[in-house]
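# Architecture at a glance
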Amino acid sequence: MANFSAWVTLFFHLFYFSSAVFEDQVGKFDWRQQYVGEVRFAYFDAPSQASKKLLLATEKNIIASLNSRTGDLFWRQVDKAGPEGHIDILLVHGQDAVMVVGNGRLLRSWETNIGGLNWEVVLDTGSFQSAGLVGMQDSVKYVSVLKKSAISLHYLSNGHQKWVENLPDSDTVQYQAVYSGGSGEVYVLGVVPHSHLAIVAYNIEDGEIMKQTSVEAPWLSSLSSCVVVGTGVLMCVDSVSLYTLPLQSEEPAEMNQILLQSLGLEVAAGFQPVLVSTQPHPARSPLSEFFLRLGPDHHILLQLKDGIISPLRNFQPAILVSFATTGEKTVAAVMSPVNDTACSITLFSADSGRRLLDTSVIFHLDPNGGKPLRLHVHAFLKKDDSVGYRVLVQSEDHALTFLQQPGRVLWTREEALAEVVTMEMVDLPLTGTQAELEGEFGKKADGLLPMVLKRLSSQLILLQAWIAHLWKLFYDARKPRSQVKNEVTIETLARDEFNLQKMMVMVTASGKLFGIDSKSGTVLWKHYLQNVQPNAAFKLMVQRTTAHFPHPPQCTLLIKDKETGLGSLHVFNPIFGKKSHITPPVLPRPVLQSLLLPLMDQDYAKVLLLIDDQYKVTAFPSTKHVLQLLQEVASSIFFYLVDSSQGRLSGFRLRKDLSTELIWEVVIPTEVQRIVAVKGKRANEHVHSQGRVMGDRSVLYKYLNPNLLAVVTESTDLHQERSFVGIFLVDGVTGRIIHEAVQRKARGPVRCVHSENWVVYEYWNTKSRRNEFSVLELFEGTELYNSTVFSSLDRPHLPQVLQQSYIFPSPISTMEATLTEKGITSRHLLVGLPSGAILSLPKMFLDPRRPEILSEQSREENLIPYAPELPIRTEWFVNYNQTVSRVRGIYTAPSGLESTCLVVAYGLDIYQTRVYPSKQFDVLKDDYDYVLISSVLIGLFFATMISKRLAQVKLLNRAWR
Amino acid sequence: MLPQWSVSRTWIVFSSLFAICNAFSDMESGPGSAATQTNGDGFKIEGRAVVPGVKAQDWISTARVLVEGEEYVGFFRTDGSFAVNDVPSGGSYVVEIVSPVYRFEPVRVDISSKGKMRARLVNYIKTSEVVRQPYPLQMRSNGPHSYFMKRETWGWTDFLMNPMVMMMVLPLLIIVLLPKVVNTNDPEMRREMEQSMNMLNPNHELPDVSEFMTKLFSSKSSGKSGGGGKGGKSGALKRR
């Protein structure tokens, strides 16, 4: 027993050193970027120039406080994803940020300085309609929450409910808005579409109904076209007229109709006019000035005075308007286009429409970005009592730009990166000089002498570049360190000697593509695809790498609309982000499957095949050469299709005329189980060793079938006693089921990694209420059937399958295996945990040959004795305290060094690092002690010199004796 | 004294009975399945977390309470207390405090179908074992996370304490220093040393093991060594 435990501890110590981060490596080759997602609400902290806080609530159910000077996060709180954490509304009063979460489920108040909760209360059920701060006598004490059938008032200080009242006739009236103007009443506004408007006034103190009126409004369908202006006047708009209604009047009034024509206004054809008003303080009534949007680029500032509407100023063209208040002054910011690439933002006084001097800021539009969508203005009084401002511009592509007078961009945030869908890493191109050398080999030989001359000239260029590099080093060394900037630009991008720096091409759900330098995290290019549906699926493929020098690298993005299935291709250069001049084929029919063949056309672009719903194949590129090539190899091109709704897996073969024939079909009955995932192996994976040497010196050969698919199914019966998770290993060419495993009393979500000769999957054990890992390993046995080439059609023997399961003491979010250049380095599993940590778990722990009783042979094989629970050590967290929130995917890529694997984890945040699963065996470690080794060498050298001299003297003396 | 003792004992009996009952009811009820989630009457898991020596407001902005992964999420109040709302009854949940800086042990909270709560230690191997924890939860951090490995630094002490170095250095010291410290020419000293040797080796009749071994081996290989000697002799002769 002691021996056993000694072995265990020995192994632990071995791994202790295998994949940990040293403290001095922090930030050396890793970086993290934190995002919040598409902004829904933005508030500036205080109307003073020194204020730095910006409060954001986003579509990703996040509330965050940003430093408005740098754009960095002060704090961020990430709620549950999905509708349960959805932020319905954010209201800010002083240091408190009150929000309603999850369609009226919770009411929360945040302390915005600390980032902690003041209080949280559960609201009664009912779908959320509206909420507002309620004030009396210039102090804000309550918050009102309007649900579909009830209104409640809560204290702002502790969240306790003051009163709750049911709304009258809530089954017919749609209550949509709540208004309070500092008087002792809360008005609830509802509408019966195309019939009438209902107004209920509640007493703030006890919730008693003070007044209940109903006003005929047959033209009104929703209250979204209405605002409250001035001292409680409801103003609505339709395409021909404005309507006003004083809320506080005693007698049952009618809506006063004012034709837009009488004001000299006209709505743009087909445009629904919009009203914008502002209420600077919740305890006071709104301003009597308001904007009316008459067209996409036409706004007008109007004033309501004594029941008369008068235009103050006409803004055309003006694409965006916004109000901002500082102290007693309210200003209107107006963004109007200057030319195609720039817009100007100008402040106007709200009460007169007068233009404020020196307040113009030029906002440059990104030609590869989206249009501006909203303005958030932070106005403040300067020392000379004039109004200064900073402005946050929110764009269609989720980018945030923060501008300061006079037109300086303080920071930009690319919030589209909060939702990365897929990514690839592309090698950087060679430098000009390296390319020059390479180009020499590509050209046709033209005589001996010119070749020699060419070689000499290129060597000369290399020498020149080297001297220039030395000079730059010398020049930089003289400058103080702070001034030396290692700015990365597209021009200076070049591959480093170990190919550790790559271009990360990221595709986001909003349809914006990014090119990010993997070393520094700098966004080098971005490209916004304008007409991408919000629910589109993306698949990114590298058709041509940078290895074929005169031809530019080429990536192809397949964009598929999830509803119609129609696809389109976007072909671009991954290094510069430019759209390629090659016209991709038009895809008239829904795309079912795409596959990138290892075949290349004469320009070294890999051939992409797209299969439509009639099983017809489109090739891209489709030159004559490619078609000829495809005809030759058509009989050996197979592909599979998955129809999870019918539980059908089918295999096809390509015919010479680019039609297909069905070869096999496997039906998994959908009444019992449904297919949740189909995983193949990665195409760029290398396996170095064909087998494993056993303790008795025999070799256990791995079953390395490149066509193997792991099909994961979950039972349709979710009862905890009867639910199960199934895994099928199917050969993708022949349809042969190689192995089948069922995990009883288990349910999903199942995460699965399929690589080399193993499949690792994780599921939830319903009986023991824990997460479990299971590993399947396939071996051919001690003899190989055909050691030179693998063919799915000629493998008579089924592989031996070994399986083992383990307890994992944490839920997991995602899982991926490390990948290296030649596959010599041992593999690790990278496991993303909900806490944001990324665990690097050695594959050795997930080895089905782990023995229960340790024998001499298994000890020789370095097998760890079986233990039911897998360890989680914080030293194995590759991202130490740089947690990645809501990690959704981990991407691994090999580098030029065999020991090193590049890792990118993405979710809400993006984290890039390098991992060394078997330590850095091929380069000197970065803590290599140069001083010690050189001092020892020098010491030894001198010691020999001295002892030689001494020996000489001694010999001489002896000779004299 | 006596009554107090008996009272406490009965209390123990009661509490253990309660634990057993709960364990049984617990076995029947599974985790929050879809059916229990929809009925909406959720329960609240409450507690407080403390990091010794650190004010709550310095660490809560990066910390969260996760129940069963990210199934339910709770946030900290500014005083370090927390509540996770809308957790359905009739289930068992692992409550974890995640903070990038401080480490907390997870706790399993069982909510019976009637809404009774109890907390116990998480044991993934013996899932039905009950080691009670206080409820409302009292979570105490056991220090910061250790993410980093210590670099192996080179120091004189490490070098000298290395067993190989010790094995080399100590005999060297004895060989060099001992003859200098002990004056072997002094006859008195020599006699003393001989005596101490005799003390170590009291009965002369028994042959020394090492001597015996050398005799044994030398007798065995005498033929060979003789041959070697001859060769040497002949070589010497030639050289002459």
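Not measured: the values here are computed from a predicted model.

Attention now goes to the overall build of chain A. Looking only at helices and strands, one finds six helices and 63 strands in chain A. With the principal axes as the frame, chain A shows a C-alpha extent of 125 × 80 × 70 Å. When burial is assessed residue by residue, chain A has 52% of its 961 residues classed as buried. For chain A, long-range pairs separated by at least 24 residues make up 50% of all intrachain contacts whose partners lie at least 6 apart in sequence. For chain A, the exposed surface amounts to about 44,600 Å²; the carbon and sulfur share of it is 54%.

The helix and strand tally for chain B stands at eight helices and 10 strands. In chain B, buried positions account for 29% of the 240 residues. Taking contacts inside chain B between residues at least 6 apart in sequence as the whole, the part at least 24 apart equals 57%. Summing over all exposed atoms, chain B offers an accessible surface of approximately 16,600 Å²; the carbon and sulfur share of this is 63%.

Let us now look at unusual backbone geometry. Residue and element names in this part refer to chain A. With omega at 0 degrees, the peptide bond leading from glutamine 316 into proline 317 counts as cis. A cis amide bond links phenylalanine 620 with the next residue in sequence, proline 621, at an omega value of -5 degrees. Along the chain, proline 621 falls in the loop between strand E44 (617-620) and helix H4 (624-633). In the Ramachandran plot, arginine 769 falls in the positive-phi region, its phi being about 55 degrees despite a non-glycine side chain. Note that arginine 769 resides in the loop between strand E55 (758-765) and strand E56 (770-781).

The predicted structure's coordinates, where accompanied by low pLDDT, should not be read in detail. Across chain A, pLDDT averages 87, with 95% of residues at or above 70. For residues 1-17 of chain A, every residue scores under 50 in pLDDT, and the model assigns this stretch 20 contacts once sequence neighbours within four places are set aside.

All right, on to the interface of chain A and chain B then. With 54 residues of chain A at the interface, the matching set in chain B holds 40 residues. The contact between chain A and chain B buries some 4,200 Å² in all, and 57% of this surface belongs to carbon and sulfur atoms. Viewed at the interface, chain B and chain A are joined by one salt bridge. The interface formed by chain A and chain B holds 12 residue pairs in polar contact (both at pLDDT 80 or more) in total. Residue assignment for the side of chain A that touches chain B shows that the elements contributing at least two residues are strand E1 (21-22), strand E6 (73-78), strand E9 (106-111) and strand E10 (116-122) of chain A. Sort the elements by how many residues they give to the side of chain A that touches chain B and E10(A) lands first, with six residues.

A few words on the sheet that holds strand E3 (residues 72-74) of chain B. Residue and element names in this part refer to chain B. The sheet built from six strands is open, its strands ordered E3-E2-E5-E6-E7-E8 with antiparallel pairing. Two strands lie at the open edges of the sheet, namely E3 and strand E8 (132-133), each paired on one side alone. Note: strand E2 (residues 64-67) against E3, three bridges, orientation antiparallel. Within E3, the residue paired with valine 67 across the bridge is tyrosine 72.

Let's shift gears to the state of the cysteines. For the structure shown, the criterion picks out one disulfide over all chains. Free cysteine: Cys555(A), not disulfide-bonded; nearest cysteine sulfur from Cys901(A) at 19 Å.

Glancing now at the pattern of salt bridges. Side-chain pairs of opposite charge can arise whenever the charged atoms involved come near each other. Residue and element names in this part refer to chain A. As enumerated under the stated definition, the model contains 34 salt bridges over all chains in all. Lysine 702 is the partner of glutamate 756 in a salt bridge, and the nearest nitrogen-oxygen pair spans 3.1 Å. Note that glutamate 756 is positioned in the loop between strand E54 (746-755) and E55 and lysine 702 in strand E50 (residues 699-702), a separation of 54 residues in sequence. Here glutamate 756 and lysine 702 have matching classes, each one buried.

This part covers the confidence of the model for chain B. All names here are of chain B. Here chain B shows a mean pLDDT of 72. Residues at 70 or above account for 68%. Predicted confidence is poor over residues 1-39, with pLDDT under 50, and the contacts of this stretch with residues over four places away or in other chains come to 35 contacts. With pLDDT under 50 throughout, residues 222-240 is counted as low confidence; its partners more than four residues away or in other chains account for zero contacts. Across the whole predicted complex the pTM is 0.84, and at the interface the ipTM reaches 0.85.

Let's shift gears to empty space enclosed by the protein. Taken as a whole, this structure holds six cavities of 30 Å³ or more when the rule is applied. Estimates place the volume of the largest cavity at around 120 Å³. Sorting the residues of the lining of the largest cavity by element identifies E9 of chain A together with E3 and strand E4 (81-87) of chain B as the ones contributing at least two each. The element that contributes the greatest number of residues to the lining of the largest cavity is E4(B), accounting for four residues. Here the residues of the lining of the largest cavity are counted per class, giving six nonpolar, two polar and eight charged.

Residues and elements named next belong to chain A. Applying the stated rule across the entire model yields 30 aromatic pairs over all chains. The interplanar angle of 40 degrees and the centroid separation of 5.6 Å between the aromatic rings of tryptophan 471 and phenylalanine 474 together place this pair among those described as tilted. Of the two residues, tryptophan 471 and phenylalanine 474 are both situated in helix H3 (residues 448-478); the distance of three residues between them amounts to about one turn of the helix. Since its relative accessible area comes to 52%, tryptophan 471 is described here as exposed. Grouping aromatic residues by their ring pairs yields a cluster made of Phe291, Phe315, Phe323 and Phe348. Here the basic side chain of arginine 682 rests over the ring of tyrosine 891, its NZ or CZ set 5.6 Å away from the ring centre.

Quick look at the side chain of Glu875(A) now. Relative to the assigned elements, Glu875(A) resides in the loop between helix H5 (856-860) and strand E61 (889-894). The exposure class assigned to Glu875(A) is buried, which follows from its relative accessible area of 6%. Within the structure, Glu875(A) has its side chain in polar contact with the side chain of Ser146(B) (distance 3.3 Å).

Quick look at the pairing of strand E26 (residues 308-315) of chain A now. Residue and element names in this part refer to chain A. Examined bridge by bridge, strand E25 (residues 298-305) and E26 share seven bridges and lie antiparallel to one another. Each bridged residue has a counterpart across the sheet, and for leucine 304 the counterpart in E26 is isoleucine 309. Where E25 hands over to E26, the hairpin turn is made up of two residues, of which aspartate 306 adopts a positive phi near 50 degrees.

A few words on the nonpolar core. Residues and elements named next belong to chain A. Judged by nonpolar contacts, the single largest core of 36 residues is most densely connected at Val760, Phe773, Phe808, Leu829, Val831, Leu846 and Leu870. Within the residue set of this core, elements represented by two or more residues are E55, E56, strand E57 (800-808), strand E58 (814-817), strand E59 (828-832), strand E60 (838-842), strand E62 (901-906) and strand E63 (910-915). If we skip the residues at most four places from it in the chain, phenylalanine 773 touches Val760, Tyr761, Glu762, Gln804, Ser805, Tyr806, Phe808, Ile812, Met815, Val831, Leu846 and Leu870. By size, the runner-up hydrophobic cluster in this structure holds 35 residues, among which are Ala416, Met425, Phe514 and Tyr906.

What follows concerns the sheet that holds strand E23 (residues 274-276) of chain A. All names here are of chain A. Spatial strand order, E23-E24-E25-E26: four strands in an open sheet with antiparallel pairing. Either end of the sheet is taken by a strand with one partner, and the two such strands are E23 and E26. Put simply, the sheet's adjacent strands are angled 30 degrees from each other on average, direction ignored. Where E23 lies against strand E24 (residues 289-295), three bridges are found, and the strand directions are antiparallel. Bridge pairing in E24 places valine 274 opposite arginine 293.

Rules of the game
Residues numbered from 1 in each chain as written. Chains lettered and ligands numbered in written order. Predicted model: local features only at pLDDT ≥ 70, side-chain atom pairs only at ≥ 80, totals over all residues. Heavy atoms only, no water. Helix = DSSP H or I, 4+ residues; strand = E, 2+ residues; numbered from the N terminus. Buried < 20%, exposed > 50% of the residue type's maximum accessible area, 1.4 Å probe, protein only. Contact = heavy atoms within 4.5 Å. Areas by Shrake-Rupley, 256 points an atom, 1.4 Å probe, with all protein chains shown as cover. pLDDT = per-residue confidence, 0-100. Buried area = accessible area lost by both parts, 1.4 Å probe. Salt bridge = Lys/Arg side-chain N within 4 Å of Asp/Glu carboxyl O. Polar contact = N/O pair within 3.5 Å; in protein donor to acceptor, adjacent residues only side chain to side chain. Pairing = 2+ DSSP bridges. Disulfide = S-S within 2.5 Å. 1 Å grid on protein atoms, 1.4 Å probe; cavity = no way out; pocket = protein on both sides within 12 Å on 5 of 7 lines; lining within 4 Å. Points joined across faces, edges and corners; volume = space filled by probe spheres on them. Nonpolar A, V, L, I, M, F, W, Y, C, P; charged D, E, K, R; others polar. Phe/Tyr/Trp six-rings, centres within 6.5 Å; stacked < 30°, edge-to-face > 60°. Lys NZ or Arg CZ within 6 Å of the ring centre and 35° of its normal. Core = buried A, V, L, I, M, F, W, Y, C linked by side-chain atoms within 4.5 Å. Axes fitted to C-alpha atoms, helices over the stretch in contact; angles between N-to-C directions.

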